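Per-entry structural report
Letter by letter, the chains look like this.
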Amino acid sequence: MSMAAETEMEDSSLEDRHLKGVRHLHESGITRIPNKYILPVCDRPNIKGGERNNTQLKLKLPIIDLSQLHGPNRSRVLKSLADACEEYGFFQVINHGIPCDLTRSMIDVGRRFFELPFEERAKYMSPDMFAPVRYGTSFNQNKDGVFCWRDFLKLYCQPVSRFCPQWPCEPSDLRQKVASYTKETNSLFIMLLKAVVESLGLVDDDDIVKEFGDGSQLMVINCFPSCPEPDLTLGMPPHSDYGFLTLVLQDGVLGLQIQSQGEWVTVDPLPNSFVVNVGDHLEIFSNGRYKSVLHRVLVNSSKTRISVASLHSLPFESVVKPSSGLITPQNPKRYKETDFAAFLDYASSCEPKKKNFIESRRLT
Ligand SMILES: O=C(O)CCC(=O)C(=O)O
Ligand SMILES: [Fe+2]
């Protein structure tokens, strides 16, 4: 075989390797990351002081105590919520009522899914962005020039009775855990949604809350294996989330970063809290008052990290637009109407540098 043919064969088997995901690479025991994962210098995470001597800026997100939401302190809680959504686009909720046994077992079953033999996981691989069950790698494996250090399992969740039979049957308790977790996170979301709507001063806007009764819920279980060269790559590139609110559960390993005053800072959540972030749809609904903030994920050289992001929004076919109750001559509409299909078209048709869908919806 000629050298060129050999190199070509090597290249194509390397290409295959990327599509098998980073868990697969990690299991092969590599000590350097393949070029496919190396970011241009300007996009690298710039881990200050080196990883061992980690002096990352840590951020304590504003705390929303849900045990105070239905008592005499309600207006104070709503004010904190409004401030957090305006200033950070992120907050953490405590006393949310979801049992920690359930959150622990959700992380645990997610971890066990990624520990299954590759062939078992591969049954759910699909390049189709619309697939209700999709195991994949990177951010958008069809488009990303540089891959990121993440594998994921995405599950459509609502209605549970429709999607549950399509979820992976291994690990054997996955369906039951995801079903319970879906139910609990959906109730928490509805509680937060009502508070968010009220915090915008929309006391009479019951329509939106009703519409969310049949809303969409997408669960993304992320696996960020330990990485031999974490300063050259990212677990997720800077992006915003498309939905209304995202509820993020983490396993205790830090990694999530948000941009605050021009610097990337690491979110350091309280134990048993949920990190919640404003998505593009809420930025549009609030006519830009609440911000869908860019965030990214760092990886590290010693620990695998698991996170579960639950993305909540309107039914897939609904149109999202600035709330009419917020539009005045002084505060005109700042965003075009959008729907889920427009987002998927955008996400699948380009490789957005900042993965920021909302820019394309802004009225100038
Ligand atoms: O892993 C995390 O903490 C965040 C994950 C995330 O941003 C996402 O799944 O959209
Ligand atoms: Fe995200």
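The text that follows walks through the structure, step by step, so that each part is easy to find. These numbers come from a predicted model, not from an experiment.

Let us now look at the pairing of strand 8 (residues 245-250). For strand 8, the tally of buried residues reaches six of six residues, placing the bulk of the element in the interior. Of the two faces of strand 8, the one carrying Leu245, Leu247 and Leu249 and the one carrying Thr246, Val248 and Gln250 are both buried. Where strand 8 lies against strand 11 (residues 274-278), four bridges are found, and the strand directions are antiparallel. In the strand pairing of strand 11, Thr246 is matched with Asn277. For strand 8 and strand 13 (residues 305-313), the ladder comprises six bridges, and the chain directions are antiparallel. Across the sheet, residue Val248 finds its bridge partner in strand 13, namely Ala309.

Only His239 (NE2), Asp241 (OD) and His295 (NE2) from the protein reach the iron ion (ligand 2) as donors, at distances of 2.1 to 2.3 Å. Coordination of the iron ion (ligand 2) draws on donor residues from a single chain, spaced H-x1-D-x53-H in sequence. Of this pair, Asp241 sits in the loop between strand 7 (236-239) and strand 8 while His295 sits in strand 12 (residues 295-297); the two residues are 54 residues apart in sequence, bridging distant segments of the chain. A relative accessible area of 9% places Asp241 in the buried class.

Taken as a whole and judged by the stated rule, the model has 12 aromatic pairs. Between the aromatic rings of Phe212 and Phe244, the centroid separation amounts to 4.8 Å while the plane-to-plane angle is 70 degrees, which identifies the pairing as edge-to-face. Of this pair, Phe212 sits in the loop between helix 8 (206-211) and strand 6 (216-224) while Phe244 sits in the loop between strand 7 and strand 8, placing them 32 residues apart in sequence. Of the two residues, Phe212 and Phe244, both sit in the buried class.

This part is about helix 3 (residues 74-87). Between its first and last C-alpha atoms helix 3 spans 20 Å; for 14 residues at 1.5 Å apiece the expected length is 20 Å, and the two agree. All buried positions along helix 3 are accounted for by Val77, Leu78, Leu81, Ala82, Ala84 and Cys85. Within helix 3, the buried residues cover an arc of 165 degrees as seen down the axis, which keeps them to one side. Away from its buried face by more than 90 degrees, helix 3 exposes Ser75, Arg76, Lys79 and Glu87. Contact partners of the buried residues in helix 3: strand 2 (63-65), strand 3 (90-94), helix 7 (174-199) and strand 11. One or two residues past the end of helix 3 sits Gly89, with phi positive at roughly 70 degrees.

The rules behind these values
Residues numbered from 1 in each chain as written. Chains lettered and ligands numbered in written order. Predicted model: local features only at pLDDT ≥ 70, side-chain atom pairs only at ≥ 80, totals over all residues. Heavy atoms only, no water. Buried < 20%, exposed > 50% of the residue type's maximum accessible area, 1.4 Å probe, protein only. Helix = DSSP H or I, 4+ residues; strand = E, 2+ residues; numbered from the N terminus. Pairing = 2+ DSSP bridges. Donors = N, O, S within 2.8 Å, 3.2 Å for Na, K, Ca; no water. Phe/Tyr/Trp six-rings, centres within 6.5 Å; stacked < 30°, edge-to-face > 60°. Expected span 1.5 Å × (residues − 1). Arc of directions from axis to C-beta. Contact = heavy atoms within 4.5 Å.

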